[in-house]
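Residues per chain, in single letters:
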There are 2 protein chains.
Amino acid sequence: MGGDAGPAVTVPAARAMAGRADLILVGDPERIAEWLPGEVPGLRIHPAREALTPADSLADALRRKPDSSMRQALLRVAAGEADAVVSGGDTAALMGLARSLVTMVPGIERPAICKDLQGVSGPFWMLDLGANLDCTAEQLRQFALMGNTLARHVGGIAEPRVALLNIGTEAGKGPAVIGEAARLFEADPSIRYVGYVEGNVLFSNAADVVVADGFAGNIALKAIEGAAYMAGHLLHRWLEDLGPLEQAGLALARGKLRSLRHALNPQRYNGASFVGLSGVVVKSHGSADVEGFQSAIEEAILEVEGRIPGHLAAEFH
Amino acid sequence: MGGDAGPAVTVPAARAMAGRADLILVGDPERIAEWLPGEVPGLRIHPAREALTPADSLADALRRKPDSSMRQALLRVAAGEADAVVSGGDTAALMGLARSLVTMVPGIERPAICKDLQGVSGPFWMLDLGANLDCTAEQLRQFALMGNTLARHVGGIAEPRVALLNIGTEAGKGPAVIGEAARLFEADPSIRYVGYVEGNVLFSNAADVVVADGFAGNIALKAIEGAAYMAGHLLHRWLEDLGPLEQAGLALARGKLRSLRHALNPQRYNGASFVGLSGVVVKSHGSADVEGFQSAIEEAILEVEGRIPGHLAAEFH
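Keep in mind the model is a prediction, meaning the values are calculated, not measured. (Residues numbered from 1 in each chain as written. Chains lettered and ligands numbered in written order. Predicted model: local features only at pLDDT ≥ 70, side-chain atom pairs only at ≥ 80, totals over all residues. Heavy atoms only, no water.)

A. Layout of the interface of chain A and chain B. At the junction of the two partners, chain A supplies 48 residues and chain B supplies 48 residues. Between chain A and chain B, roughly 4300 Å² of surface is buried when both sides are summed, and carbon and sulfur atoms account for 77% of that area. On inspection of chain A and its partner chain B, the count reaches 2 salt bridges. Glu198 of chain B is the partner of Lys222 of chain A in a salt bridge, and the nearest nitrogen-oxygen pair spans 2.3 Å. (Contact = heavy atoms within 4.5 Å. Buried area = accessible area lost by both parts, 1.4 Å probe. Salt bridge = Lys/Arg side-chain N within 4 Å of Asp/Glu carboxyl O.)

B. Highlighting the sheet that holds strand S7 (residues 192-197) of chain A. Residues and elements named next belong to chain A. With respect to topology, 8 strands assemble into an open sheet ordered S3-S10-S9-S4-S5-S8-S6-S7, the strand pairing being mixed. Either end of the sheet is taken by a strand with one partner, and the two such strands are strand S3 (84-87) and S7. For this sheet, the mean inter-axis angle between neighbouring strands, taken without regard to orientation, is 25°. The pairing of strand S6 (residues 161-165) with S7 spans 5 bridges and is parallel. Counterpart to Leu165 in the pairing with S7 is Val197. Of the strands in this sheet, S3 and strand S10 (280-283) touch helix H4 (residues 69-78), which is tilted by about 160° from S3. (Pairing = 2+ DSSP bridges. Helix = DSSP H or I, 4+ residues; strand = E, 2+ residues; numbered from the N terminus. Axes fitted to C-alpha atoms, helices over the stretch in contact; angles between N-to-C directions.)

C. Local environment of the confidence of the model for chain A. For chain A, mean pLDDT is 93; residues scoring 70 or higher make up 100% of the total. Both scores are given for the predicted complex: the pTM is 0.93, the ipTM 0.92. (pLDDT = per-residue confidence, 0-100.)

D. Spatial organisation of the environment of Val210 of chain A. Residues and elements named next belong to chain A. Its place among the elements puts Val210 in strand S8 (residues 209-211). You can call Val210 buried: its relative accessible area is 1%. Residues Val210 and Leu129, spaced 81 residues apart in sequence, show a C-alpha to C-alpha distance of 10 Å. (Buried < 20%, exposed > 50% of the residue type's maximum accessible area, 1.4 Å probe, protein only.)

E. Summary view of the pattern of salt bridges. Residues and elements named next belong to chain A. Per the counting criterion, the structure on display carries 20 salt bridges over all chains. With a closest N to O distance of 3.3 Å, Asp67 and Arg49 form a salt bridge. On the criterion of sequence distance, the pair formed by Asp67 in the loop between helix H3 (58-63) and H4 and Arg49 in the loop between strand S2 (43-47) and H3 is long-range, its members being 18 residues apart. For Arg49, a relative accessible area of 78% corresponds to the exposed category. Between Lys65 and Asp56 there is a salt bridge, with the nearest N and O atoms lying 2.8 Å from each other.

F. Empty space enclosed by the protein, seen in detail. Residue and element names in this part refer to chain A. Evaluation of the coordinates by the stated rule reveals 7 cavities of 30 Å³ or more. Looking at the largest cavity, its volume works out to about 70 Å³. Surrounding the largest cavity, 14 residues form its lining, Gly2, Gly3, Val9, Gly286 and Ala288 being those nearest its centre. For the lining of the largest cavity, the class distribution of residues is 4 nonpolar, 9 polar and 1 charged. (1 Å grid on protein atoms, 1.4 Å probe; cavity = no way out; pocket = protein on both sides within 12 Å on 5 of 7 lines; lining within 4 Å. Points joined across faces, edges and corners; volume = space filled by probe spheres on them. Nonpolar A, V, L, I, M, F, W, Y, C, P; charged D, E, K, R; others polar.)

G. Focus on the sheet that holds strand S10 (residues 280-283) of chain B. All names here are of chain B. With mixed pairing, the 8 strands of this open sheet are ordered in space as S3-S10-S9-S4-S5-S8-S6-S7. The outermost strands of the open sheet, each flanked by one partner alone, are strand S3 (84-87) and strand S7 (192-197). Strand-to-strand twist across the sheet, computed as the mean angle between neighbouring axes with direction ignored, equals 25°. Summarising the sheet, strand S5 (residues 122-127) and strand S8 (residues 209-211) pair through 3 bridges and their orientation is parallel. In the strand pairing of S8, Trp125 is matched with Val209. Across the sheet, helix H5 (residues 91-101) lies against S3, strand S4 (112-119), strand S9 (272-275) and S10, angled at about 175° from S10, the strand it touches most. Helix H8 (residues 214-241) contacts S4, S5 and strand S6 (161-165) of the sheet and is inclined by roughly 140° relative to S5.

H. Summary view of the packing of helix H8 (residues 214-241) of chain A against helix H10 (residues 254-264) of chain B. Where H8 of chain A contacts H10 of chain B, the axes come no closer than 10 Å and their chain directions differ by 160°. Classified by the angle their axes make, H8 of chain A and H10 of chain B are roughly antiparallel. Relative to H10 of chain B, the crossing made by H8 of chain A is right-handed. Note on element contacts: H10 of chain B touches H8 of chain A through Lys256, Leu257, Leu260, Ala263 and Leu264 of chain B, opposite Ala231, Leu234, Leu235, Trp238 and Asp241 of chain A. When its residues are assigned to classes, the contact of H8 of chain A with H10 of chain B shows 8 nonpolar, no polar and 2 charged. (Parallel < 35°, antiparallel > 145°, perpendicular 65-115°, else oblique. Left-handed = near helix turned anticlockwise from the far one by under 90°.)

I. Structural view of the relation of the copies chain A and chain B. Each copy of the sequence occupies a distinct position, and chain A is placed on chain B by a rotation of 180° and an axial shift of 0.0 Å, giving an RMSD of 0.0 Å. Taken together, the rotation angle and the small translation identify this as a two-fold axis. Residue Gly249 of chain A, judged by its C-alpha, is the member of chain A lying nearest the rotation axis, at 1.9 Å. Mapped onto chain B, 100% of the interface residues of chain A are again interface residues, and the two copies thus contact each other with one and the same surface. (Least-squares fit on C-alpha atoms with pLDDT ≥ 70 in both.)

J. Structural view of the packing of aromatic side chains. Counted under the stated rule, the structure contains 4 aromatic pairs over all chains. Taken together, a centroid distance of 5.5 Å and an interplanar angle of 85° make the contact between Phe124 of chain A and Phe203 of chain A edge-to-face. In this pair, Phe124 of chain A sits in strand S5 (residues 122-127) while Phe203 of chain A sits in the loop between S7 and S8, placing the two residues 79 residues apart along the sequence. A ring pair is formed by Phe185 of chain B and Tyr193 of chain B, whose centres lie 5.5 Å apart and whose planes are at 90°; its orientation type is edge-to-face. For the residue pair Phe185 of chain B and Tyr193 of chain B, the accessibility class agrees, reading buried in each case. (Phe/Tyr/Trp six-rings, centres within 6.5 Å; stacked < 30°, edge-to-face > 60°.)

Okay, here's the thing in structure tokens:
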């Protein structure tokens, strides 16, 4: 039921992904049925009579509305009926409910929001992207281990290079807590620490895992989204400005132009992981379209296949 | 003498800009002469025997090397012989020397680094981009007034809309100091405050002036640079992947393709202003090319023409 468009996006996305996994649609059966013409193998409905709305406070999400689709979906994971939840609902509500229902992996102090971004030569994982405003150095160290686990078991990178996001690369730059975290990273044999990175080299794959507190991580992620939007806008305006002859010429390169636009399309990268929980929880952007919500479902499947919660439990044992 | 390439970049850039302003090249006359074949009207050399190197500490820059090109250039402004300094040298050294030699506008607590970025419908000004790690709410208010002055007198925007960079748009989001700053902005009749903005809407021109502390501002700016690099890389790779027929087709749109690449070229946007000083000081990126250094010179000229230090002195009187 979540996201700006609700079932109009989530149900068609689930239909498209039904071959990849068994999917449970949690929500209002009638509204779901509008987008579901009859039975689809691998797809079933779990009714939930309520849904959270933007007007609901976090307290409402947590305490009132016991039958909200978000809560009911998370309960499926808590009950062992499902391996993962994908939601386009409110981030704070999803995080709050997930912490209370799916619970944390013992030993992990705080969950983090993590996303893989596509660099020049492959993906890299960045966390925390907004769950924790202030973090201790120890919490940042835990994020490094959590990012490591994703890069290893979703990304297949044997020894991920871990960096700290900072505003300079020299020792002594940035807030004191980043310097403290650097010392913890260096002392930890399970972290292959490569130093500070600045945002301008992220996409050159200077590191496989980039650790930040939730404030800096969120600022960086949103700025990247803004710049990607601007690049897409420039490309779009360029195409609109072409004259007939230029368009005819470009038509010859149409197939590959499509792949460029696809590469620049942020929907392809939709889906942020809540890491540190005993189950897989993926947050889809509220404005995701069908393709975007599919990306979020795919992310959840990859984390289940990579057994992320199990690896985290072993790591933090 | 500054920047990765020294006179090989700065001198040709100055030659190209010599018609726009009277330019003084401060540095080693012999190394400058290598790039200067004879007299150029509007261009003269002021000799400086030393130059700062990356090995120099901030203390070296400030106390030893009295004849460094950076110090000598700033002294030209302090002595009233020049209106502005443009340097590709170290940011911290330039800021430290500028504060001591060019001095602050009375009433301004801290200088800020500011840059105008190109959004969908025009430029916007973002500050601080890294001069001040931690800022008080009052210092953020001062940055708002400084950004206002640039947007008005360089950008020609009569009543700039001012926003605070944050990790959410609702009241209560983000660090306490941002909330405090929001209250100061609302109470100040010279600030047209429009609320919090997130990075993803910066390029939609949600505001004309975007205020942040130096940590958040630098994280955002560098992330934007990283994403712009990635977009340029995707475009480049797309062009390289085209087959002969596709290339022939695209050749028909070559002129406009050049303008797209130009729009995506970060060198066009090179040049960050040090605002709050009694003279114009513009920092060029160390890796700027000739076109990039020209942009930085152009920025300095616009700030001199807009009489930024004078307006700031009147504003903070």
